[in-house]
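# Geometric and topological summary
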Amino acid sequence: MSKFNIQPVARFAGDSHPVKRPKEIACFSYDDNHEFHLGYSSMKWYYPPQLGTDLSKGFDKFDKHDDSADEHLDSLLRTIMAHEEEEGKKIDAQIVTWRGMITKIMSSPFEDRDGFEMNATLYQVRDSDADLNNKDCISFIEENHEYKQASMKEQRKQQKKQAKRGGQSQPQFSPDVMSFWGYKFETLSTLPATWAETSRDYIESRDEQVVSNKAQYCSVVRTGFGKTIMCLGGEVDALWDSKPMAHGAPINWVELKTSAEIRDDRGMANFERKLMKFWIQSFLLGVPRIIVGFRSQRGILTKIEEIKTESIPITAAQRGVKTWNANMCINFASGFLEWLKQVINDDGIWRIRRQPKSQTIEVFRVEEA
Amino acid sequence: MGIPAAFRWLSNKYPKIISPVIEDKPIVMDDGTVIPVDITRTNPNGEEFDNLYLDMNGIVHPCSHPEDKPAPKDEEEMMLEIFKYTDRVVNMVRPRKLLLIAIDGVAPRAKMNQQRSRRFRSAKEAKEKEADKQELYKMIKKQNGGVMPPETLESMAKQAFDSNTITPGTPFMDILAGSLRYWCAYKLNTDPGWAKMKVIISDATVPGEGEHKIMDFVRSQRASADHDPNTRHVIYGLDADLIMLGLATHEPYFRVLREDVFFQEGKARTCKLCGQKGHEATQCRGEAKEKDGEFDEKDKAMPLKPFIWLHVSVLREYLAVELDVPGLPFRFDVERAIDDWVFMCSFVGNDFLPHLPALEIRENGIDTLTAIWRDNLPVMGGYLTKDGSVDLDRAQLILNGLAKQEEAIFRRRRATEERREAGQKRRKLNDERNGRNNGRNGNNGVPMDPPQALTHDMIINRTPAPDANAANKSAAAALKSQIQGLMAKESTQEAAESETPPSGASKRKASMIEDDGASTPGSESQVATPPPVVNVDPSEDTVKLWEDGYADRYYEQKFHVDPKDIEFRHKVARAYVEGLAWVLRYYFQGCPDWEWFYPYHYAPFAQDFVDIGKMKINFEKGRISKPFEQLLSVQPAASRHVLPEIFHPLMTEPESEIIDFYPEDFAIDLNGKKMAWQGVALLPFIEMPRLLAAAEKKYPLLSTEDAARNNVGKEVMLLSEANQELYDDIISQFYSKKQGSPELKLNPRVSQGLSGQVKKLDDYLPHGSLEYPLERKAMPSVDDDRSLTVHYEFPQTNHAHKSMLLRGAQPPTPTLNRSDIEELKGKLRHSGRSHGGA
Ligand SMILES: [Mg+2]
C-alpha cells in the first residue's frame, strides 16, 4: 500500500502549477428516460427564474432517477470512443474520470470530514512494445459504487438526526425535499432552447413543469494540472449564450446552485465553504459562471446571485478567508496525480481511498490483472 | 407615432427623461487650421455607447432646408451638408461597435395614406406660395427704387430643393445611397475613431420606414443568444415615437438623440433672399456680401443648435412607479405594463390612424387612459397586450371606461376654449389700452419669442383660409392686400403683430411642438407648415361635440351616412380596432400587413366600440409596394417630375384610368381644430389594384436605369481592415485562394456581438480605389481602400419577439430619487379622474 500525505498542506502553497484550460472535446446527453445519446440534445439555456417561487412545489411528482445501479464510466467511454473514431486518433489523456472524482481530490486538503473510495484501472493504449511508460497509459478512475451508496445512506441518517435536533421553531423538511430544491431550481432557471426560440408560455409556466433529474447534458473536456493531462466528464446545467463557432473556444456554461439565505456569520462561513466546492466543480469543466439561488428556510426562492467562477478565489482572499486556498487545491491535486501515475504502474484494479478524518490517501491493488 | 405634442407632454410630466448632450467641437486654431474631434477618446457624456442608429431622413430633411443658412445650392452641396451633420452626430455618440444608417424605403400602405395627404397639401400650398413670392419680389423691387438687387435675381432664379425627391425610387435617393457609402468608407479609412466600428447602411431600396428597419434590427439582435443585454443603444431621429419604439425594445439602455426642440431659435437667421445674416428679407437691399473675416468663415459665429438625450431608461423608471397597481390578482410585470402604456399612447396619436375625438395629448389624453387602465387592471385578469397582440375583451373594458367620460370631455374642452378666448380678448383689449405688447399672441400656451420684424416666411407661409373651399379668391390677391396693409403701417409693430401670424421662427417652433408630423422624416419641408389660422369663426364647427346629438351630426356630416345607421358606426369602430391592432403589432413585431389601411378619414367615438371582443383579427404580410407604385400613390401631379416620364400621363391626362387619384383641388376639413395643418385633407383613397394595373402597363416601357430603381435592394455592411479578426474572417472566406461559399454566418465572438449573415458583393474587390462619387471632387478619392463592403442580412427568426428583459440585463442605476417619485405620485392623484371617474 502506498500512501500520499495530505499534511502538511503548506507544502502546496505558492503559485499554482500550470493548468490547461478545459476544452470541450465531445459531449453526450441523457434523455428524459436517462437513455444515452451522443450530442447535445439535452442541453439547456439559462433564463432567470421568478423570485418568490416555492422550491418544494411539485416534490410529490418528482421524476427521480434511480441511482442504485452502478453506471461506471460507460457513457464517458462511449463518448470518448466515438470522438476518437471521428478524429481518427486516440485522446492523449493520462487520466479519464468523472469531474466529481477530481473534485474530491482537489478539496482533500481542506475537507477532512468525509472520505472517499475510488477504483482505478490502468490501460496501455498505444501500441508500443516498450516497457510500460505511463505516457502511453491511461488510468480510468471511477467511484467505488458500494462505498458511495453506503456513505449516502449514512449521510441521510445524519441529516435526519440534524433536522430533528433543529427544534420545533424550524420548518421541517426531509433531506429528500431539500435535495429536490436544487433540481427544482434548475427547472425554474432553464429553457430547452434559446430564449428567442422558447415561447412566453413555457417561460412563464416553468413552475408547473414536472421536475426530473433524468435528463442531463454532459461535457467531456480535456484539461490538466502540471504534467498530467486529464479527460473529464461532467454534467453542465445550462448555456448562457451559444456554443462558440470555433472548436475548443471557451463555452459560457452556467452552473446552477441553491443555498440557504445568509443570515448571520455562521451562515456566511457555511457559504464560504460551499463556495470552494462550487469553484472546484466549475473550474474543472471551465464553467465561467455560477448562478446561486438563495432560499429561505421555508424553501422559497428569494434572491439570485451571479458569481464569476474566476472571482471566487480572489474575493475569498480579499475577505480574508483562511479555510481554503485555490492554488493549494490545484497544487495538491497536481502533486497527487503525478504521484498516482507512478504508483499505478500495472494492470489490475487499484483502490484510491481516504478514510473519514484521515490525513492520508491510500492506494493499493485490489485485483490482479 | 408622430404623437402630437408628445415631446412637450412627456418632458413636462417626466422631466428627468431629458438631459443636454455634452459635445466636443472641432477646435479652430489661430492660423485657421481645424483640429477635428478625436472620438477615440472617452465620451464627454460620461458614458460610452455601443450602437448608434440613424433614422437618416431626420438628417436629410433638415439638410435640405436648414434654418440657419441658405439651402444647399445643388445635390453635391447637400451631400456635404449631410456628411457634416452625420459626422457631428457620430462624434457626439462615438459608437464603439456599430453604426446603422437607415433611410426610409417603401412604406406600408397605412403610412402611404398619411404621406399622400401631406404631399398633396404641400403641393397645394406651394402653388399659393409661388404666387406670393412673385408678389413679394415686386414689393422689394418697388422698395428698392425699381432696381432688383442682382443677388436677389440669382436667388429668384434658383429652384429650391424639392423635398419630394426624398422618397424611394428617385435618382436623388440613388445618389444619396452612393454618397453615404463613399463617405462611410472614407471615414473608415481616415478616422481612427471608426476603426472598430461596423457600419450598416439600409438605403431606400430596402423596404420599410427607417425607424422600423432599425427596430427590426434591434429585435433580430435580441433574438440572438449572443446579444449583450446591456448594449448601450442610441437612436437619432426626429419622431416623438422613437421614445415609444425605444420602450418597445425592452432594452434597458436605450436613448433617443435629437436637436433640442425647445432651444431658442431665430437668433441668427439669414435672409431668405440673399442668404446673408443681419437682416430679414423685407429689409433686403441686395447689397454685395460683406466678408465676415479674411477667409469669410461664415459659420464661425453661429452657435450650433444643441442636442438633447431622451433617456428611455429613465422613462422606464417613471412608468414603473406610475403603472404599479397594488393588490393585483396576478403577478405585476413592469415590462407588460409598459407595453400597455405604449399601446394606449397610440390611441392618442399615430401616423396611421386619426386619433379618437376624445383624446388629445394636450388635454392629457394619455393620463385619462392610464387612469382607466389602473382602475380596470385588477378586474381585467391580465394585461391589455401581449408581445404586440391586443386582448380585445380587455380593450373593450378600457374603451368602455373612455366612453363613459367622452361627453364630459367634449363639454369640458368647449368650456376651456371659451375661457381661453375670453381671456385672449381681454388681454388684447388691455394691451391696446396700455399701448404695449407682451408678445402674447401665442396660441395654446406655447411660449413665443419676442416680436420680430416681418419676415419673408411670415408672408409666404400664409395659411390657406380656414375654410379652404371658400378661399376662391386668388392667393396673390389676398396677399397683396395683406402686404399693402403692412406697408401702410410699417412702423407700428403692434398692429402687424395682431394682424399676422407669429414670426417664422416662432411658428416653426410651435409646429414642432404641436405636430411632430411636420418634421417627420418623409414629410414635407418644415417650410410648408403653415402658421395658425387666425380669426376662426367658431360657428363654422357645425358638429359641435359639446351639444347633444353630436354623434348624429358627426356621422352625418363626416361620413355622410344616416344618423340612424348605428351599425355603420360599429363598422367604423371595428376598422379602427383593426388599426390599433395593426399599429401595436407594427411597433412590437414589425409590419404585420403591408397592404392594410384604415379606410376612413375620421375616427369613431369611444362609445361606438361594441362587442369588439368577438372580433377575429388576422393580418397577412401582403404585397410590398415597389418604389414607383409608392410614388404614384403619394405624389400629386405637380410632383410628377420625381417619377420617370413614362408615368406622367397617368397623373395628368384626363383619359388616364387613374386620373381620379390626382385631384387638383380638394377640401381640407378643420374638424374642430384651429390650424389648417391639423385639419383633414379629404383625398380619395387609392384603389391599389387599379393603380397597379395602370403602373404595370408602363413597366415594360421603362429604361433599364429607371427599372433598376424600382427594385428591392439589400443592406450593406462596411468595416475597416483595422477590425482585424472580423475582416480576416470575411476576406479569407470570400477572397482567399481557397475561398468558400459566398455567404458567411457572422461569428459574434469576432464581430463584437453582431449576429447575422454577410454575402459577397458582385463586382467588388477589396483594396480597390475608393472614388468620390460626385462631380466637383469636394472630397478626395482613396487609392488603396482599406475598408471592406459586403451585403449584410439580419439573423432570421420565426419566433415572435417577447417583451421581456434578457438574462443578464443589469438594471441601470436609478435616476429618480424619492422626491421625484413622490412628485409623480402626487400628479397621479390629481390626474385622469377629472371627468367623473372611470
Ligand atoms: Mg421615419
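Residues numbered from 1 in each chain as written. Chains lettered and ligands numbered in written order. Predicted model: local features only at pLDDT ≥ 70, side-chain atom pairs only at ≥ 80, totals over all residues. Heavy atoms only, no water.

For chain A, the helix and strand inventory stands at 8 helices and 16 strands. In terms of overall dimensions, chain A is globule-like: its C-alpha atoms have a radius of gyration of 21 Å, near the 21 Å expected for 369 residues. Expressed along its principal axes, the backbone C-alpha trace of chain A runs to roughly 65 × 45 × 40 Å. Looking at the 369 residues of chain A, the share that counts as buried comes to 49%. (Helix = DSSP H or I, 4+ residues; strand = E, 2+ residues; numbered from the N terminus. Rg over C-alpha atoms; globule rule 2.2 N^0.38 Å. Buried < 20%, exposed > 50% of the residue type's maximum accessible area, 1.4 Å probe, protein only.)

Before going further, it helps to spend a moment on helix 18 (residues 566-589) of chain B. Residue and element names in this part refer to chain B. The end-to-end C-alpha distance of helix 18 is 34 Å, a good match for the 34 Å that 24 residues give at a rise of 1.5 Å each. Counting buried residues in helix 18 gives 17 out of 24 residues, a clear majority hidden from the surface. Positive backbone phi, at 100°, marks G590, one or two positions downstream of helix 18. (Expected span 1.5 Å × (residues − 1).)

This brings us to the sheet that holds strand 16 (residues 757-759) of chain B. Where strands meet in a sheet, backbone hydrogen bonds hold them as pairs that are either parallel or antiparallel. Residue and element names in this part refer to chain B. Pairing is mixed in the open sheet, where 11 strands are placed in the order 1-9-8-7-4-5-6-14-17-16-15. A single partner strand is all that each edge strand has here, and the edge strands are strand 1 (18-20) and strand 15 (743-745). For this sheet the average axis-to-axis angle between neighbouring strands, irrespective of direction, equals 25°. Seen against the sheet, helix 7 (residues 210-222) touches strand 4 (51-55), strand 5 (98-102), strand 6 (198-202), strand 7 (233-236), strand 8 (254-259) and strand 17 (787-793) and runs at an angle of roughly 155° to strand 4. (Pairing = 2+ DSSP bridges. Axes fitted to C-alpha atoms, helices over the stretch in contact; angles between N-to-C directions. Contact = heavy atoms within 4.5 Å.)

Before going further, it helps to spend a moment on a negative patch on the surface. A cluster of acidic side chains, namely A:D70, A:E71, A:D74 and A:E146, defines a negative patch on the protein surface. Of note, A:E146 is situated in helix 3 (residues 145-165). (Patch = residues over 30% accessible without salt bridge, like charges linked within 9 Å, V, L, I, M, F, W, Y side chains within 5 Å. Areas by Shrake-Rupley, 256 points an atom, 1.4 Å probe, with all protein chains shown as cover. Salt bridge = Lys/Arg side-chain N within 4 Å of Asp/Glu carboxyl O. Lys, Arg positive; Asp, Glu negative; His and termini not counted. Charge placed at Lys NZ, Arg CZ, Asp CG, Glu CD.)

Turning next to the sheet that holds strand 3 (residues 36-38) of chain A. Residue and element names in this part refer to chain A. Pairing is mixed in the open sheet, where 10 strands are placed in the order 1-16-15-6-7-5-10-9-2-3. Lying at the two open borders of the sheet, with one neighbouring strand each, are strand 1 (2-5) and strand 3. Neighbouring strand axes in the sheet, compared pairwise and without regard to direction, differ in orientation by 25° on average. Summarising the sheet, strand 6 (residues 116-124) and strand 15 (residues 349-354) pair through 6 bridges and their orientation is antiparallel.

This part takes up the nonpolar core. Counting residues in hydrophobic clusters, the biggest one holds 126 residues, and the most contacted among them are B:Y14, B:F217, B:W341, B:W373, B:M717 and B:I730. Looking at which element gives the most residues to this core, the answer is helix 18 of chain B, with 14 residues. Here B:I730 is in contact with B:M717, B:L719, B:Y735, B:L744, B:V758, B:L788 and B:V790, once residues within four sequence places are set aside. Grouped together as the second largest cluster of nonpolar side chains are 68 residues, A:V236, A:L337, A:L340 and A:I361 included. (Core = buried A, V, L, I, M, F, W, Y, C linked by side-chain atoms within 4.5 Å.)

What follows covers the interface of chain A and chain B. The partner chain B presents 23 residues to the 22 residues of chain A that form the contact. Summing both sides of the interface, chain A and chain B together bury roughly 1900 Å²; the carbon and sulfur share of this comes to 53%. Looking only at chain A, the three residues that lose the most surface to chain B are A:W195, A:R200 and A:M245, adding up to 39% of its buried area. The interface formed by chain A and chain B contains 3 salt bridges. Where A:D241 meets B:R749, a salt bridge forms, and the shortest distance between an N and an O atom there is 3.9 Å. On inspection of chain A and its partner chain B, the count reaches 10 residue pairs in polar contact (both at pLDDT 80 or more). For the side of chain A that touches chain B, the leading source of residues is helix 5 (residues 200-204) of chain A, giving 4 residues. (Buried area = accessible area lost by both parts, 1.4 Å probe. Polar contact = N/O pair within 3.5 Å; in protein donor to acceptor, adjacent residues only side chain to side chain.)

This brings us to unusual backbone geometry. A:Q7 connects to A:P8 through a cis peptide bond whose omega is -10°. Residue placement: A:P8 occurs in the loop between strand 1 and strand 2 (19-30). Unlike most non-glycine residues, B:N364 shows phi in positive territory, near 60°. Inspection of the secondary structure assignment puts B:N364 in the loop between helix 10 (334-348) and helix 11 (365-380). Overall, B:N364 belongs to the partly exposed group, its relative accessible area being 34%.

This part takes up the packing of aromatic side chains. Considering all chains together, one arrives at 66 aromatic pairs over all chains under this definition. Each ring, one from A:F59 and one from A:F180, has its centre 5.4 Å from the other, and the planes form 75°; the classification is edge-to-face. Of this pair, A:F59 sits in the loop between strand 4 (45-46) and helix 1 (74-87) while A:F180 is found in helix 4 (residues 175-189), placing the two residues 121 residues apart along the sequence. Judged by relative accessible area, which is 0%, A:F180 ranks as buried. A ring pair is formed by A:Y217 and A:W253, whose centres lie 5.1 Å apart and whose planes are at 40°; its orientation type is tilted. On the criterion of sequence distance, the pair formed by A:Y217 in strand 9 (residues 216-225) and A:W253 in strand 12 (residues 253-260) is long-range, its members being 36 residues apart. Clustering of aromatic rings is evident, with ring pairs tying together B:F410, B:Y550, B:Y554, B:Y555, B:F559, B:F568, B:Y576, B:Y598, B:Y600, B:Y602, B:F605 and B:F609. Residue placement shows A:R289 over the ring face of A:W240; its charged tip is 3.6 Å from the ring centre. The ring of B:W309 carries B:R255 above its face, with NZ or CZ at 4.7 Å from the centroid. (Phe/Tyr/Trp six-rings, centres within 6.5 Å; stacked < 30°, edge-to-face > 60°. Lys NZ or Arg CZ within 6 Å of the ring centre and 35° of its normal.)

Once that is clear, we can look at the pairing of strand 9 (residues 307-311) of chain B. Residue and element names in this part refer to chain B. Counting buried residues along strand 9, 5 of its 5 residues qualify, which places the element largely inside the surrounding structure. Residue alternation in strand 9 divides its side chains into two sets, F307, W309 and H311 and I308 and L310, and both sets are buried. One ladder, built from 5 bridges, connects strand 8 with strand 9; its direction is antiparallel. Opposite E259, over in strand 9, you have F307 as the bridge partner.

We now examine the pattern of salt bridges. Within the structure shown, the criterion is met by 65 salt bridges over all chains. Across the pair A:R365 and A:D346 runs a salt bridge, and its minimum N-O distance is 3.7 Å. Here A:R365, found in strand 16 (residues 360-367), pairs with A:D346, found in the loop between helix 8 (326-343) and strand 15; they are 19 residues apart in sequence, far enough to count as distant. A:R365 sits in the partly exposed class, given a relative accessible area of 29%. Between B:D391 and B:R394 there is a salt bridge; the shortest N-O distance is 3.5 Å. Classification of B:R394 by relative accessible area gives buried; the value is 18%. Look at the salt bridges and you will find they share partners, linking A:K57, A:K184, A:D207 and A:E208 into a network.

Residues and elements named next belong to chain A. Relative to the helices and strands, K23 is located in strand 2. A relative accessible area of 40% places K23 in the partly exposed class. For the pair formed by K23 and P250, sequence separation is 227 residues and the distance between their alpha carbons is 6.8 Å. Non-local contacts of K23, meaning those with residues more than four positions away in its chain, are made with V220, V221, R222 and G248.

In regions of low pLDDT, the predicted coordinates are not meant to be interpreted in detail. Residue and element names in this part refer to chain B. Put simply, chain B has an average pLDDT of 82, and 79% of its residues get 70 or more. Across residues 485-539, confidence stays below pLDDT 50; counting only partners more than four residues off in sequence or on other chains, it has 139 contacts. Confidence estimates for the predicted assembly give a pTM of 0.87 and an ipTM of 0.92. (pLDDT = per-residue confidence, 0-100.)

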